[in-house]
Amino acid sequence: MFFEFGLKDIIDILLVALMLYYIYRLMRDSRSLNVFSGILIFVVIWLFVSHVLQMRLLGSILDKLVSVGVIALIVLFQDDIRKFLYNLGAHQKMRTIIRLLTFSKEKGKEQKDVKETIMPIVMSAMNMSRGKVGALIVIERSVPLDDIAATGDAIDANINQRLLENIFFKNSPLHDGAVIISRKRVKAAGCILPVSHDLDIPKELGLRHRAAMGISQESDAVAVVVSEETGSISIAHRGEFRLRLSPEELESILTKELQ
């Protein structure tokens, strides 16, 4: 008896492969790749024992472990799963499809809003870079940063170049924390960010850069950093750094990422 292989089976295999790929990306970004490999090995053993060798006793034990293990994995990786679902909805292709379905007038308004958000950040970063004033500005995207904003002082003001420069002025009580920008407004200042302990971060980068990397690993936010030691401008996004940027490069990257 030959196995019938049709279009539905091809779609089934592609969907499983896509699901495994996204799970792999999730585990890789959360530094849990070894856990993902262990899970795959366990699943292969379980399928081989239960469905190929049909060992009843060992198969029933593994069945129980699988049923309990799913709940355990959800509890252990609830933050990573939430981040994965947020990132799935905020994927670049998803946003492209949504933009294609909108009217050109709305597109023009969106581009104008992005420009109004970006330019004060670029200009303030440029001035602070010249004066070697340390700064950390986090731009919220699809993943809410309410818990991060709650660690600082609420501001709720329009984005303004002078406001940003005054916040990070060396004698300001808020200059050591991060500024959170949400929905085209300065939401809070003096905020505490999660610090990345990634060993791949260059040692010459300070605590601000590690905090920027930490928030970029736990959300889809864009973090702009101005170094107090060198005055260089950097961006952390999706767990990656872009270092030593010019104001023009900063504007270009922010425009691309925030549209």
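A short tour of the structure in this document, coming up. Keep in mind the model is a prediction, meaning the values are calculated, not measured.

Calculation notes
- Residues numbered from 1 in each chain as written.
- Predicted model: local features only at pLDDT ≥ 70, side-chain atom pairs only at ≥ 80, totals over all residues.
- Heavy atoms only, no water.
- Helix = DSSP H or I, 4+ residues; strand = E, 2+ residues; numbered from the N terminus.
- Buried < 20%, exposed > 50% of the residue type's maximum accessible area, 1.4 Å probe, protein only.
- Areas by Shrake-Rupley, 256 points an atom, 1.4 Å probe, with all protein chains shown as cover.
- Pairing = 2+ DSSP bridges.
- Axes fitted to C-alpha atoms, helices over the stretch in contact; angles between N-to-C directions.
- Lys, Arg positive; Asp, Glu negative; His and termini not counted.
- Salt bridge = Lys/Arg side-chain N within 4 Å of Asp/Glu carboxyl O.
- Polar contact = N/O pair within 3.5 Å; in protein donor to acceptor, adjacent residues only side chain to side chain.
- Contact = heavy atoms within 4.5 Å.
- Expected span 1.5 Å × (residues − 1).
- Core = buried A, V, L, I, M, F, W, Y, C linked by side-chain atoms within 4.5 Å.

Some thoughts on the overall build of the chain
Right, on to step 1. Within the chain one finds 10 helices and 7 strands.
Right, on to step 2. Counting only residues that meet the buried cut, the chain has 37% of its 259 residues in that class.
Right, on to step 3. When the accessible surface of the chain is summed, it comes to about 16500 Å², and 62% of that surface belongs to carbon and sulfur atoms.

So, the sheet that holds strand β1 (residues 135–139)
Right, on to step 1. Strand order across the open sheet formed by 7 strands is β2-β4-β3-β1-β5-β6-β7, with mixed pairing between neighbours. In this open sheet, the two edge strands, each paired with only one partner strand, are β2 (153–158) and β7 (240–245). On average, each strand axis in the sheet is tilted by 20 degrees relative to the strand beside it, whichever way the strands run.
Right, on to step 2. Looking at chain direction, β2 and strand β4 (residues 185–191) are connected through 4 bridges and run antiparallel.

Remarks on unusual backbone geometry
Right, on to step 1. In the Ramachandran plot, Asp156 falls in the positive-phi region, its phi being about 55 degrees despite a non-glycine side chain.
Right, on to step 2. On the basis of relative accessibility, which here comes to 52%, the residue Asp156 falls in the exposed class.
Right, on to step 3. The backbone of Lys184 sits at a positive phi, close to 65 degrees, despite the residue not being glycine.
Right, on to step 4. Examined against the element boundaries, Lys184 turns out to sit in the loop between β3 (178–182) and β4.

Structural notes on the pairing of strand β6 (residues 233–237)
Right, on to step 1. A large share of β6 lies buried, amounting to 5 of its 5 residues.
Right, on to step 2. Of the two faces of β6, the one carrying Ile233, Ile235 and His237 and the one carrying Ser234 and Ala236 are both buried.
Right, on to step 3. If you look at the hairpin formed by strand β5 (residues 222–226) and β6, you'll find 6 residues sitting between the two strands, and Gly231 has a positive phi there, around 80 degrees.
Right, on to step 4. Pairing between β6 and β7: 4 bridges, direction antiparallel. The residue bridging Ala236 from the neighbouring strand is Phe241, located in β7.
Right, on to step 5. Between β6 and β7, which follow one another and run antiparallel, lie 2 residues, and Arg238 among them has a positive phi close to 55 degrees.

With respect to the side chain of Glu140
Right, on to step 1. Counting through the fold element by element, Glu140 comes out in the loop between β1 and α7 (146–149).
Right, on to step 2. Despite its burial, Glu140 pairs with no opposite charge, the nearest such side chain being Lys187 at 4.3 Å.
Right, on to step 3. Among the polar contacts listed, one links the side chain of Glu140 to the backbone nitrogen of Leu145, at a separation of 2.8 Å.
Right, on to step 4. In contact with Glu140, not counting residues within four places along its chain, are Leu145, Asp146, Ile181, Ser182, Lys187 and Ala221.

Let's talk about helix α9 (residues 207–218)
Right, on to step 1. Taking 1.5 Å as the rise per residue, α9 with 12 residues should run 16 Å; its terminal C-alpha atoms sit 17 Å apart, in good agreement.
Right, on to step 2. Counting buried residues along α9, 9 of its 12 residues qualify, which places the element largely inside the surrounding structure.
Right, on to step 3. Buried within α9 are the following residues: Arg208, His209, Ala211, Ala212, Met213, Gly214, Ile215, Ser216 and Gln217.

Side note on the nonpolar core
Right, on to step 1. Core analysis: the biggest nonpolar cluster contains 29 residues, and Ile121, Phe168, Val179, Val224, Ile235, Leu250 and Leu254 have the highest contact counts within it.
Right, on to step 2. The set of elements that each furnish at least two residues to this core consists of α6 (104–130), β1, α8 (161–167), β3, β4, β5, β6 and α10 (247–258).
Right, on to step 3. When residues in this core are grouped by element, the largest group, 6 residues, is from α6.
Right, on to step 4. In this structure, Leu250 is in contact with Val122, Ala125, Val224, Ile233, Ile235 and Leu245, ignoring residues within four places of it in sequence.
Right, on to step 5. Ala149, Ala178, Leu205 and Phe241 belong to the second-largest nonpolar core, a separate cluster that totals 21 residues.

What to know about the pattern of salt bridges
Right, on to step 1. Across all of its chains, the model carries 4 salt bridges by this definition.
Right, on to step 2. Among the salt bridges present, the one from Asp156 reaches Arg185, with a minimum N-O distance of 2.8 Å. Of this pair, Asp156 sits in strand β2 while Arg185 is found in strand β4, placing the two residues 29 residues apart along the sequence.
Right, on to step 3. Residue Glu228 is joined to Arg208 by a salt bridge in which the shortest nitrogen-to-oxygen separation is 3.3 Å. Taken together, the residues span a long stretch of sequence, with Glu228 in the loop between β5 and β6 and Arg208 in helix α9 at a distance of 20 residues.

Observations concerning the side chain of His209
Right, on to step 1. Take His209: it is sitting in helix α9.
Right, on to step 2. By relative accessible area, which is 4% here, His209 ends up buried.
Right, on to step 3. Those residues within four positions of His209 in sequence are excluded, and the remaining contacts are Val225, Ser227, Ser234, Phe241 and Leu243.

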